[in-house]
Each structure stands twice: as C-alpha cells, then as structure tokens.
Amino acid sequence: MNPFKEKALRPDDCLLDWRAMSPAPYDKRTVNPYTRTRVILMNGTEFENVWFSHQFSRHCPDNDLRRSLALLRRSEQQQQKLISALKPNDETLLEHTIGYEQLAVDLTAHLAKREPDAHVRDALNFALLEDFDHLYRYADFLDTENGVHAETLVGGYTEIMPARPTIAHHRYPFDSIKQPIDGMTADPQTKLCVGIITAAEQQTMNYYMNVSAAYPNDPGRALYREIGMIEEQHVSQYGSLMDVKCTWLENLLMHQYTECYLYWSCYETETDPALKHIWAHMLEMEIAHLHEAARLLEKYEGKQYQQVVGEGTFPAPLVLESNIDHVRAVLGGTVQFTADREAYTPLEQMPKDADFYRYQGIVNADEKQVASHDVINEHIRRFGQDYRYEKAENPIPALRDVHLDNIAVGRTPGAYTMPQA
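This text gives an overview of the structure that appears in the document. (Residues numbered from 1 in each chain as written. Predicted model: local features only at pLDDT ≥ 70, side-chain atom pairs only at ≥ 80, totals over all residues. Heavy atoms only, no water.)

## Concerning helix 8 (residues 248–269)
To keep things clear, this is the line we draw: Put simply, DSSP marks the helices as runs of H or I at least four residues long and the strands as runs of E at least two long, and each gets a number from the N terminus on. Between the first and last residue of a helix there are one fewer steps than residues, each counted as 1.5 Å, and that sum is the expected span. Exposure categories follow from relative accessible area, calculated using a 1.4 Å probe and restricted to protein chains: below 20% of the type maximum is buried, above 50% is exposed, and the middle band is partly exposed.
Relative to the 32 Å expected for 22 residues at 1.5 Å per residue, helix 8 spans 32 Å between its end C-alpha atoms, a close match to the ideal helical length. For helix 8, a buried count of 18 out of 22 residues is recorded, marking the element as mostly surrounded by other parts of the structure.

This is how it looks when you write it as structure tokens:
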C-alpha cells in the first residue's frame, strides 16, 4: 500500500465527537495478547506525535503553520483518547504492565529480525534482553501481589525467565548515546524502525514513571521507579539513533507516515473484528494527516514527500508474534555485553575504571536496596522459588537456579563465559 496514492479526507473531517472517543474496551479475560499490545503500541505512537507537534509549535515563528499543526494535533489527541479508552478499567496496573513488556519484547525482536542496519539492529537486540528481564521481574511481582500467573496474560507466546539482570542495566548516561542514522542513505525501513521503537519505549517510560507515584505499596513504587529509569535510558538510546539532520517539517511527515504504516499493520494483522474496524478508521484519518503534512512540506520548504520517504509504498506489515527462538539466541550470545559509548562490549573487555562500574558503585552501592532484586528474593522467600514460564531450560546455565536471583551475570566479568563465535 502507498498512502500517498489514497484519497484523503479533509483535516476537519477527522475531528471526533465524545461518542466516537468512547469505544467499548476489550475484555481482559478473552483478549488476544497481541490485541492488547497493539493498543499499547498505538497509544504510544499517538502520544509521540502529539508531543512532537507541541515541540515543533514551540520552535516555529509562523502562526499560520502553527495553526495547521494545532488542527492536526487536536485530531491526534482525540485519537489517543479513543485508543486509551480501549483498556478496560478492571485491568490492573500490573496486568497492563505485562502487556507493556510483552510488547517491548516481541516488537523489539520483530524489528531486529528485519532491520538492515547493523548498528540499529545491535541497539535493538541489546535492549531486548533488558525488557525481557523486566517482564520476568514484573511477572514475579504480579504473582506475589495478586496470585496471577503472567503466562495466562502473554498467552504462552512469550517466555518469562531471567535474562541480563535488571540490576546490571544501570549505566552511565554517556553510554546511552549512539550514532544517528543518515537520512540521505538510510533504508526507509530503518527510518520507520527508529521512529516506532522510540515512541514505544517512550510510552513505557511515561507509564512507569506515572505508576511509580500511584502504586499503592512501597515495593511496587520502588520497582516501577527503578525500571522507569532504565526505560529512560532506552528512550535516550533509541532517540539518539534518529536522523539529526531532518527538518521539523520533514520530521512531521515522517511521524505521519509512521502512524499510517502502523495503523495499516494493525489492520492487516488484527484478529478482533471490532478493533480491526477501529484500526481502519484510524488509518483513514492518518492518511488525511499525512497528505496535509506533505502539503505543508511543499509549501514551506519546497520539498516533495519523496525526498523524505522515497516513493512511499509500505514494507511488509509489522507483525506482533512469538519470538522465542530469537530471544534465546540473543540471550545466549550477548548476556555479558554492556553499552560502551557507541558500541556494545563484553564486560571482560571493559577497563576496570570504566564508567559502567563507577556508576554501578554509585546507584547499586547496597544491593539489598535494589527493588528488581528484592522482588525476586521476596517471591523465593514466600514460595520457595521464583516464577517462570519456560519452554526449555534457560540458555544461560548461571540463570537456571530457581532458588537464587543471580545478579552477577551481565554485571561482573567472568560471571558467564559466552561461547566463541
């Protein structure tokens, strides 16, 4: 599909009334896990567009252009409110969090498997292991708090087991900044990838930061606070990959193109008829936004959309599906890696005075105060072992003990000897 070749609505025709912004939510007991994750993904995508539009407007001296942005932004806000309403009010914070982490795992893995740029692919696979470990720790906390096994929420599509331990994810801020892609030479699929993953991780960061203050007990507040800080690192990492030479109006077009692609992907892959209808409606609206962005780009910068996204035909749809084999392969090959400026380096090759170790000494000076470690210890104390959902034994022998939370792997040189390539 090429959205530039589709007939577009007028921007005013995309505005919604209150009834339209109040769809029936999905049933948390029967919903397909990937329907839930699509809702989370598109909520985050809409938030990113709204936030980008606000920043654009605050840096724009032309009030006519700012009015055009305001109209698009109002429509995006309404779309975001509609999508947010799809979450049922009986789905708890922790249950919804499992959806966030399943999305993070399977979205990241899918993007990594199809990404042509090796640097971007390495960034995806590196953070993939961290979100995979977050899923494990939230799942254990959910079981401790509510007696709910997260395997029922992920539908058996995503494993739940330790990866690079969350305590090892805390790194000095310099190591989150990566080499940006070059918009002139980057594959259009790479441009889409960077925008999609940045928006998704930003939504997770925002959700966790808000939940941290709202959670009704101290262990939960601490766990969301800690993992929320790591999600901020992920947003910094992925955001630093974006094309820094892209103008504001080129960025506007790219944001709208990304939304069109994602709504089209949701429509193509959705199994729920009611949600499929919503995705089709959202796509129709986004095509109108995209055409308006192309008009503004030509009017104010004299550029054609082809200079930003090529001829515009979408790549294959983004598919949210099980990625167990890919996650296991990445875990087995890179669990001992850490971020090292623009690179990802095995701990055994890091100098003893590296910023990683210095920062670990500051933030994790007392391991007993690290919430992600504490929630596993508490589960083991109460139930005799941690909670997992595994199709086979963990590919890392040091992470197989269900009676011990290993916090040396990924944090201490020699904690695990990776096989030679």
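## Digging into the pattern of salt bridges
In a structure, side chains of opposite charge can pair up when their charged atoms sit close to one another. In plain terms, the rule: Salt bridge, as used here: a side-chain nitrogen of Lys or Arg that lies within 4 Å of a carboxyl oxygen of Asp or Glu.
Considering all chains together, one arrives at 23 salt bridges under this definition. Across the pair Lys28 and Glu95 runs a salt bridge whose closest N-O atoms are separated by 2.9 Å. Of the two residues, Lys28 is situated in the segment before helix 1 (33–58) and Glu95 in helix 3 (residues 93–114); the sequence distance between them amounts to 67 residues. Assigned by exposure class, Lys28 and Glu95 land together as buried. Measuring nitrogen to oxygen at the nearest pair gives 2.7 Å for the salt bridge that ties Arg381 to Glu378. A residue pair is termed a helical-turn pair when its members lie 3 or 4 positions apart in one helix, as Arg381 and Glu378 do in helix 13 (residues 371–383) at three residues. Given a relative accessible area of 26%, Glu378 falls into the partly exposed group. Residues participating in the shared-partner salt-bridge network are Asp175, Arg341, Asp355 and Arg358.

## Considerations on the state of the cysteines
This is how it is decided: Note that a disulfide, as used here, is simply two cysteine sulfur atoms within 2.5 Å.
Tallying each qualifying case throughout the model produces zero disulfides. Among the cysteines around Cys60, which has no disulfide bond, Cys246 carries the closest sulfur, lying 15 Å off. With a relative accessible area of 9%, Cys60 lands in the buried category.

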